[in-house]
Structures are given as C-alpha cells and as structure tokens.
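Each chain, written out:
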Amino acid sequence: MGRLRRLLARRRPRLLSLRTTFAVSFAAVTAVVTVLVGVLSYSAAARLVRVDQESVFDEVVQDLRAEVRQQPMAPGDFSSVAPGHDIVRPARTDVQVLGPDGTVVDPGSPGLPVTDADRTIAHAAPSGRMTVHKDVDVGSDVYRIATVSLGDGQGAVQVAQEFSDTEDLLRALQQRTLILMAAVVVAAGLFGWWLARRITRRLIILTSAAEDVARTRRLGIEVPVTGYDEVGRLGRAFDRMLGRLAQSEEDQRRLVQDAGHELRTPLTSLRTNISLLRRIDELPPAGRDELVADLGQEARELTDLVNELVDLAAGQSDNEPPQRVDLADIAEDVAGLARRRTGREILVRASGDTTTDGRPGLLQRAVSNLVENAAKFDSEGTAPIEIGVAGPARPGTVRVEVLDRGPGIDDGDLVRVFDRFYRAAGARSLPGSGLGLSIVREVALAHGGAPFAFRRDGGGTVIGFTVGGGSARPLPPVSP
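In the annotation of an unreviewed UniProt entry, the protein chain is listed under the name histidine kinase and assigned to Streptomyces luteolifulvus. Reading the Catalytic activity (unreviewed entry) entry of the UniProt record for the protein chain gives the comment "ATP + protein L-histidine = ADP + protein N-phospho-L-histidine." One UniProt comment on the protein chain, placed under Subcellular location (unreviewed entry), says "Cell membrane".

Let us look at the overall build of the protein chain. A count of helical and extended segments in the protein chain gives ten helices and twelve strands. Out of the 480 residues belonging to the protein chain, those deemed buried represent 38%. Long-range contacts, defined as pairs at least 24 residues apart, comprise 64% of the intrachain contacts of the protein chain with a sequence gap of at least 6.

With that out of the way, let us pick up the packing of helix H7 (residues 327-342) against helix H8 (residues 360-377). In helix packing, the relevant descriptors are the interaxial angle and the interaxial distance, both defined with respect to the helix axes. Two elements in contact, H7 and H8, have axes separated by 9 Å at closest approach and are oriented at 45 degrees. By the angle between their directions, the pair H7 and H8 is classed as oblique. The two elements H7 and H8 meet at a crossing, and its hand is right-handed. Two secondary-structure elements touch here, H7 through Leu-327, Ile-330, Ala-331, Asp-333, Val-334, Ala-338, Arg-341 and Thr-342 and H8 through Pro-360, Leu-363, Gln-364, Val-367, Ser-368, Val-371, Glu-372 and Ala-375. When its residues are assigned to classes, the contact of H7 with H8 shows ten nonpolar, three polar and three charged.

Let us look at the sheet that holds strand S2 (residues 104-106). Pairing is antiparallel in the open sheet, where five strands are placed in the order S2-S1-S5-S4-S3. Sheet topology places S2 and strand S3 (130-138) at the edges, where each strand pairs with a single neighbour. Averaged over all pairs of adjacent strands, the angle between strand axes in this sheet comes to 30 degrees, irrespective of strand direction. Inspection of the sheet shows S3 paired to strand S4 (residues 141-149) by seven bridges, in the antiparallel sense. Bridge pairing in S4 links Val-138 to Asp-141.

Once that is clear, we can look at the nonpolar core. Formed by 35 residues in total, the largest nonpolar core has its most connected members in Leu-327, Leu-363, Ile-387 and Phe-465. For this core, the elements supplying multiple residues, two or more each, are H7, H8, strand S9 (385-391), strand S10 (398-403), helix H10 (436-446) and strand S12 (461-467). Take this core: its biggest share by element is eight residues, from H8. With residues up to four places along the chain from it excluded, the contact list for Leu-327 reads Thr-354, Thr-356, Leu-363, Val-389, Val-398, Val-400 and Val-467.

Once that is clear, we can look at a nonpolar patch on the surface. Residues Val-29, Val-33 and Val-37 make up a contiguous nonpolar surface patch of about 250 Å² in total accessible area. Within the secondary structure, Val-29 is located in helix H2 (residues 18-70). When its relative accessible area of 53% is taken as the criterion, Val-29 is described as exposed.

Below, the discussion takes up the environment of Leu-180. Note that Leu-180 resides in helix H4 (residues 164-216). When its relative accessible area of 55% is taken as the criterion, Leu-180 is described as exposed. Measuring from C-alpha to C-alpha, the distance between Leu-180 and Thr-34 comes to 9.2 Å, with 146 residues separating the pair along the chain.

Counted under the stated rule, the structure contains two aromatic pairs. Both rings, one in Phe-452 and one in Phe-454, keep their centres 6.0 Å apart while their planes meet at 15 degrees; by these two values the pair is stacked. Stacked on the ring of Phe-452, the Lys or Arg Arg-399 has its end atom at 4.1 Å from the ring centre.

Another aspect to go through is the pattern of salt bridges. Tallied over the entire structure, the rule returns six salt bridges. The salt bridge involving Arg-399 is made with Glu-401; its shortest N-O contact spans 3.3 Å. Its relative accessible area of 8% is what places Arg-399 among the buried residues. Residue Glu-401 is classed as buried on the basis of its relative accessible area of 1%.

So, about the side chain of Glu-442. Looking at the secondary structure, you find Glu-442 in helix H10. Engagement of the side chain of Glu-442 in a polar contact is seen with the side chain of Arg-441, the distance being 3.2 Å.

A word on the environment of Ala-246. Turning to its location among the elements, Ala-246 is positioned in helix H5 (residues 230-277). Sequence separation between Ala-246 and Arg-218 is 28 residues, and the spatial gap between their C-alpha atoms is 8.3 Å.

So, about the confidence of the model for the protein chain. Here the protein chain shows a mean pLDDT of 76. Residues at 70 or above account for 80%. Across the protein chain, element-level confidence peaks in S10 with a mean pLDDT of 92 and bottoms out in helix H1 (residues 2-11) with 48. Segment residues 7-14 is flagged for pLDDT under 50; beyond a separation of four residues in sequence, or across chains, it makes zero contacts in the model.

Here H8 is 18 residues long and its end C-alpha atoms lie 26 Å apart, about the 26 Å a rise of 1.5 Å per residue gives. Buried within H8 we find Pro-360, Leu-362, Leu-363, Ala-366, Val-367, Ser-368, Asn-369, Leu-370, Val-371, Asn-373, Ala-374 and Ala-375.

This part covers the sheet that holds S10. Read across the sheet, five strands follow the order S7-S9-S10-S12-S11 without closing on themselves; strand pairing throughout is mixed. Edge strands, defined here as strands with exactly one partner in the open sheet, are strand S7 (346-352) and strand S11 (451-455). Within this sheet the neighbouring strands show an average axis-to-axis angle of 15 degrees, counted without direction. Of the pairings in the sheet, the one linking S7 to S9 comprises seven bridges and is parallel in character. Bridge assignment links Val-348 to a residue of S9, and that residue is Ile-387. The strands that H8 touches are S7, S9, S10 and S12; relative to S12, the one it contacts most, it runs at about 175 degrees. Contacts from H10 reach S11 and S12 within the one sheet, and its direction differs from that of S12 by about 25 degrees.

Parameters and conventions
Residues numbered from 1 in each chain as written. Predicted model: local features only at pLDDT ≥ 70, side-chain atom pairs only at ≥ 80, totals over all residues. Heavy atoms only, no water. UniProt positions renumbered as here; feature names shortened; annotations may be inferred. Helix = DSSP H or I, 4+ residues; strand = E, 2+ residues; numbered from the N terminus. Buried < 20%, exposed > 50% of the residue type's maximum accessible area, 1.4 Å probe, protein only. Contact = heavy atoms within 4.5 Å. Axes fitted to C-alpha atoms, helices over the stretch in contact; angles between N-to-C directions. Parallel < 35°, antiparallel > 145°, perpendicular 65-115°, else oblique. Left-handed = near helix turned anticlockwise from the far one by under 90°. Nonpolar A, V, L, I, M, F, W, Y, C, P; charged D, E, K, R; others polar. Pairing = 2+ DSSP bridges. Core = buried A, V, L, I, M, F, W, Y, C linked by side-chain atoms within 4.5 Å. Patch = residues over 30% accessible without salt bridge, like charges linked within 9 Å, V, L, I, M, F, W, Y side chains within 5 Å. Areas by Shrake-Rupley, 256 points an atom, 1.4 Å probe, with all protein chains shown as cover. Salt bridge = Lys/Arg side-chain N within 4 Å of Asp/Glu carboxyl O. Phe/Tyr/Trp six-rings, centres within 6.5 Å; stacked < 30°, edge-to-face > 60°. Lys NZ or Arg CZ within 6 Å of the ring centre and 35° of its normal. Polar contact = N/O pair within 3.5 Å; in protein donor to acceptor, adjacent residues only side chain to side chain. pLDDT = per-residue confidence, 0-100. Expected span 1.5 Å × (residues − 1).

Right under this line is the structure:
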C-alpha cells in the first residue's frame, strides 16, 4: 500500500505555479480581447469598403439608366472615341457597348463576356432595362457587370466594376490584423510573466519562509516585509504570527523549566519523609506527630503549586470570550469571598467609569490573587485591606490596586515580584509558590495593561494592574 501511494504521488501531475497561472491567464484574456476586437474591427472595415464600392457602382448604373430614359441614345453615343458622349468612368470601372444583335460594338478594356441575357437586353424595346451579373471572372480579376438597354432594340451598354483589388486589399488587411493580434498576444504573455514575477516575488519569499519554518521548526526566522499592499500586510501578519508563536514556545519552555525546578524541592522532601515512614515505629510520639504534620504541609504546598501552575497555563490559553465587565463589581465579589475565607475586613472603593472589555474569569483571578497576597503578608494586621478601582485615567483604561499595611517590599524586590516562582528572602518561610503575582502580570498583559508595585506611604505595599494601559500612580486614600 505504501509503495502504491508513492507511485501515485510520483505520477501526480505537477501543479502550475501561481506565476505561470497568472501569466497564462493574463495572456489568455488578452488573446480573447485582441481576437474579438480584431475580428470586429476587420469585419466593420471590410463591410464599409464593400458597401462603399457597391454604392459607387450602383450610382454609376443608376445615372446611366436615367440618361438613356431621358432621351433616345444610340451605341455610338457611348463610344470611347466620341468626345463628349462618354459616361463618367470611376476608378476600376470598365464600359463596353453592344449593338442591336448583342455583338460588341465598342469593346471594354478588358473585354467583358456577353451572355444570352445581355443579348436579350440589347434587343429590348424599353430603355433602361437592366440585368446584373455578380462575381464574373474576367481574366485574373473579378468583376460585377450591369447591362442597361438603350431602347428600341438599338443595343445596350455594359458597365463593370472590378472587385478583386478590393478583396486583395481586404486580404492584406486581414493578414496584417492577424500578425498584429499574434504580436499583441505574445507581448501580453511576456508582460504578464514579468508582472506575475513582480507580484509573486514577495509571495515566493513568504512561501520559502513558511517552508523553512515547517522544515526546521525554528520560529525565529526573519521574514522580509516590503510594501503596504495586501502582500505587505500578509508578510507583516505572518511575521507577527511567528513572533507570537516563538514567544509562546519560549513561555512554555520557561514554564516547564521553572515548574520542574519548583516541584523538585517538595517532591524531594516528600520522598525523604516517606522513607522515614518505614521506621515510624522507632520514632518517639513527638517525632511521629512532626513527621505527619510535615507530610500534610508538604502535600498542601504541592497541591497549591500544581493548582497555580494550572491557573497560569489556563491564563495563557484561556478561550473565554471578551465581554463588557465592571471591575468594581468583580472587586466586590472578590472582597466578599476574601472576607469569608480570612475573616479580615476588606474595603472596596471605586471612582469613575470602571467598565471595560475583558474576560471576567481572568480578571477575577487576578484581583483574587492580589487580595490573597495582601492577606498572606499582612496576616497579623488589623487595618482593613483596601481594593481600589478607578477609571479612566486615559480613555478606555481602568486601574485596580490592593493596599495593605504589611511589612512592605524591599526596593530591590519590587522589580521582580511579578517573575514566576520569585519569592523575596523575607517571604520564603511563608506558604506559596511565587506564581500568584505572575498570573496577575499575565492577565494584565493579556488585557493591554501592565502590573505595578510600590511601597505605601506609612508602611505596607500597593500592588495592582491596569487594563488598557496606564502608569503606576497611587489612588486617593481610602476614608475609613
């Protein structure tokens, strides 16, 4: 089966490239338009020429008929050697005079054939009777002949016009039209190829970049982007997409490395305590209680770490649709839940328009992490924990911050509190994994804002984030 598939794939016809398809299509459209215009132009020109020639011939014949009807005329009146009695002879027009019996009295140049119908016209008594012969071969030329009777059986006059020169002219025009159409089609094909190459050159570069990414799996390939048309927009979008994918890959790699590093410590401690369980009978009662307490504490810390890792990963790939939310309402919900969990007094203050577009689940998780962080570091405090929501500092921005009266954060740690798994030296003895504020940062960045942290006047810390941008400026103090 695999060999059959390879054979079929080998025999599969190669698809035309976009450049070839564009050039062929351009040439085909040009060819159709050129042929259509050429055919219509030639037909119109040929028709005009033929109609003009026929009208001239008909005018000469009608003048002759009018002349012989107005006054009696004899064959000698139309002799080519009798000055003043000859009819007007336009270019490529021949005149031949017949006698009463249909014989040629004054031959034309060249001589014209005489048929029985012409002899009958020559014997006719009424003047101006006529018979017409079309497409008559005279030598190597083609003529149209009209025979007009003189009346009273005196003879007839034959008027002929040569049409072969006109047809030769039209055939030459047709050949030149065909040559011109062929030249236009070839030129259109070459121009289409050049234009297709110019248009698809950047697409080929983008295709090569995409193939390089698929082949090497390297997302850091630089994509050359030029122009401001659809192709340029596609190139910039592709470059941004590769940048996002590269950043996502780097975040995943860093998360796995950090998680592995942080999980190693509680797992090692658990493995050590589990090995001590084999000798639990040899331990004194106090040692047994301490061992069981350590196992419970390590299991809780491990559970908290895993939960926060799950929350962080969910925050990076959350598919919750954005909607209009009120951050003041979210802060009230978080405050109510924190009061029940910690028993602390939680104050919420809001000012301005606090509505924004965002994912309510992520925003609630971020505000909850800020409150839990404040409660953890100010566990012995009696002052209320404050949640401030203000907006807009700029159009479309909302600011959320949590204030506590805990020990505060050293200046050297302020710039790193939002790093994953980072824990200040004074906080390493407290429970936690160092992921809570990292989740706050991810949520803020996902909503077009940024996190911030600074020391609070009078002691404590202010930690928060903005949604939609904004600087870290302190909010007005809370009235107790």
